[in-house]
Amino acid sequence: MKYLRFLTLGLAISAVTVLSGCMSMPDPRITSQSGMAERTAAKPNVLLVFRIALERRHYRTTEQAETLYHLAGKEFVKRVEGLGGQASYKIISDSNDLEIPVGYTHVLAENIKQLSMDGKGYLKYRVWDAILWVTPEKRPARKVFTQVYESDGIVCFSISQFANKAECQVKYIDHLVAQLGPVFPAK
């Protein structure tokens, strides 16, 4: 009888948790990686580029598609500045080729290469292709790092109630900053 009460209570708690949206978002999972950036003598000036053309197709407006990326971009900028660098971000919602802009020491491009929609219409299972470019003055940009990873961490910047929302936001930004490798000067 105690077992039945315990089981009923457990099921009720599980149902409330699921219905309230309190689930955990898994950490980013790296599937392949190559290269690494070198340490810079100069203060790094990083441009983070989110390329979300694949996701943009699922929204009525570009602004709706870009909302979460603006929030994540601002957090990325704060983190890089906290580490002693400069940063800015850009969101590209079309499928045009990426032109590496001048004026930055590094360009980190995050491109959604695959995603799925679940039965409720939520976008999930994003697969990203990340490329870090070093952009020395008066020389062509060169690719120094690539990574393919799976992450829906961007969703943690939404109004959804994830059990680990704050932790998920931090881990997602940690993951992006870790892609820069040792570009920050030693303190």
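Throughout what follows, the structure given in this document is the object of discussion. No experiment lies behind these values; they were computed from the predicted model shown.

### Digging into the overall build of the protein chain
Across its full length, the protein chain holds 4 helices and 6 strands. Beginning at the N terminus, the succession of helices and strands in the protein chain can be written as α-β-β-α-α-β-β-β-β-α. A buried classification covers 38% of the 187 residues belonging to the protein chain. Of the roughly 11,200 Å² of accessible surface on the protein chain, 57% is carried by carbon and sulfur atoms.

### Some thoughts on the nonpolar core
Residues Phe-50, Phe-76, Tyr-172 and Leu-180 are the most contacted members of the largest nonpolar core, which totals 39 residues. Within the residue set of this core, elements represented by two or more residues are strand 2 (45–51), helix 3 (62–82), strand 3 (86–92), strand 4 (106–117), strand 5 (123–134), strand 6 (142–150) and helix 4 (165–178). Tallying contributions element by element places helix 3 first for this core, with 7 residues. Here Tyr-172 is in contact with Phe-50, Ala-72, Trp-128, Tyr-149, Ser-151, Gly-153, Ile-154 and Phe-157, once residues within four sequence places are set aside.

### Thoughts on the packing of aromatic side chains
For any two aromatic rings, the description comes down to two numbers: the centre-to-centre distance and the angle of the planes. Counted according to the given criterion, the structure contains 5 aromatic pairs. Here Trp-128 and Tyr-149 contribute two aromatic rings whose centre-to-centre distance is 6.1 Å and whose plane-to-plane angle is 10°, an arrangement assigned as stacked. With Trp-128 in strand 5 and Tyr-149 in strand 6, this pair connects stretches of sequence that are 21 residues apart. Of the residues examined, Tyr-149 reaches a relative accessible area of 0% and is grouped as buried.

### Considering empty space enclosed by the protein
All chains considered together, the criterion is met by 1 cavity of 30 Å³ or more. What lines the largest cavity is simply Met-25, Pro-26, Asp-27, Pro-28, Ser-151, Gly-153, Cys-168, Lys-171 and Tyr-172.

### A look at the environment of Thr-67
As for its placement among the helices and strands, Thr-67 is situated in helix 3. Residue class for Thr-67 comes out partly exposed when judged on its relative accessible area of 41%. Thr-67 sits 24 residues away from Ile-91 along the chain, and the two C-alpha atoms are 9.9 Å apart.

### A few points about the sheet that holds strand 6
With respect to topology, 6 strands assemble into an open sheet ordered 1-6-5-4-2-3, the strand pairing being mixed. A strand with exactly one partner marks an edge of an open sheet, and here the two such strands are strand 1 (29–35) and strand 3. Neighbour to neighbour, the strand axes of the sheet diverge by 15° on average, direction disregarded. As judged from the 7 bridges shared by strand 2 and strand 3, these two strands associate in the parallel manner. In the strand pairing of strand 3, Val-49 is matched with Lys-90.

### Examining helix 3
Side chains three or four residues apart in an α-helix point the same way, a direct result of the helix having 3.6 residues per turn. Compared with an ideal rise of 1.5 Å per residue, which puts 21 residues at 30 Å, helix 3 spans 30 Å between its outermost C-alpha atoms and is within 8% of the ideal. Regarding helix 3, the residues found buried are Ala-65, Glu-66, Leu-68, Tyr-69, Ala-72, Gly-73, Phe-76, Val-77 and Val-80. Summarising the contacts, the buried residues of helix 3 are in contact with strand 2, helix 2 (53–56), strand 3, strand 4, strand 5 and helix 4. Among the residues trailing helix 3, Gly-84 stands out with phi positive, at a value near 100°.

### Looking at the environment of Gln-169
With respect to the helices and strands, the residue Gln-169 is situated in helix 4. Along the chain, Gln-169 and Phe-157 lie 12 residues apart, while their C-alpha atoms are 6.6 Å from each other. What Gln-169 contacts, discounting residues up to four positions off in sequence, is Cys-156 and Phe-157. In this structure the side chain of Gln-169 is engaged in a polar contact, spanning 2.7 Å, whose partner is the backbone oxygen of Cys-156.

Rules used throughout
- Residue positions are given per chain, counted from 1 along the sequence in the order it is written.
- Local features in a predicted model are, by the rule used here, given only for residues with pLDDT of at least 70; side-chain atom pairs are given and counted only at 80 or more, and totals for whole chains, interfaces and linings are based on all residues.
- Side-chain measures were taken over the full set of non-hydrogen atoms in the model, leaving aside hydrogen atoms and water.
- Comment: elements are numbered from the N terminus, with helices defined as DSSP H or I runs of at least four residues and strands as E runs of at least two.
- Any residue under 20% of the maximum accessible area for its type is buried, any over 50% is exposed, and the rest in between are partly exposed; the area is computed with a 1.4 Å probe on protein chains only.
- Working definition of accessibility: Shrake-Rupley area with a 1.4 Å probe, residue cover restricted to the visible protein chains.
- Joining through side-chain atoms within 4.5 Å is the link that ties buried Ala, Val, Leu, Ile, Met, Phe, Trp, Tyr and Cys residues into a set, and such a set is a nonpolar core.
- Pairs of residues are marked as contacts when any of their non-hydrogen atoms sit within 4.5 Å.
- Any two rings among Phe, Tyr and Trp, with Trp reduced to its six-membered ring, count as a pair given centres within 6.5 Å; such a pair is stacked if its planes are under 30 degrees apart, edge-to-face if over 60, and tilted if neither.
- Residues are called lining when one of their atoms sits within 4 Å of a cavity or pocket point, these points coming from a 1 Å grid over the protein atoms alone, where a cavity is a set in which a 1.4 Å probe fits but cannot get out and a pocket is an open set with protein on both sides within 12 Å along at least five of seven lines.
- Grid points are joined across faces, edges and corners, and a volume is the space filled by probe spheres set on the points.
- Strands are labelled as partners when DSSP assigns at least two bridges between them.
- All axes are obtained by fitting lines to C-alpha atoms, using only the stretch in contact for helices, and the reported angles, taken between N-to-C directions, cover 0 to 180 degrees.
- Helix span is expected to be 1.5 Å times the residue number reduced by one.
- Any pair of nitrogen or oxygen atoms within 3.5 Å is treated as a polar contact; in protein, a donor-acceptor pairing is required on top of that, and neighbouring residues in sequence qualify only through side-chain atoms on both sides.

Shape descriptors only; they carry no functional weight alone.
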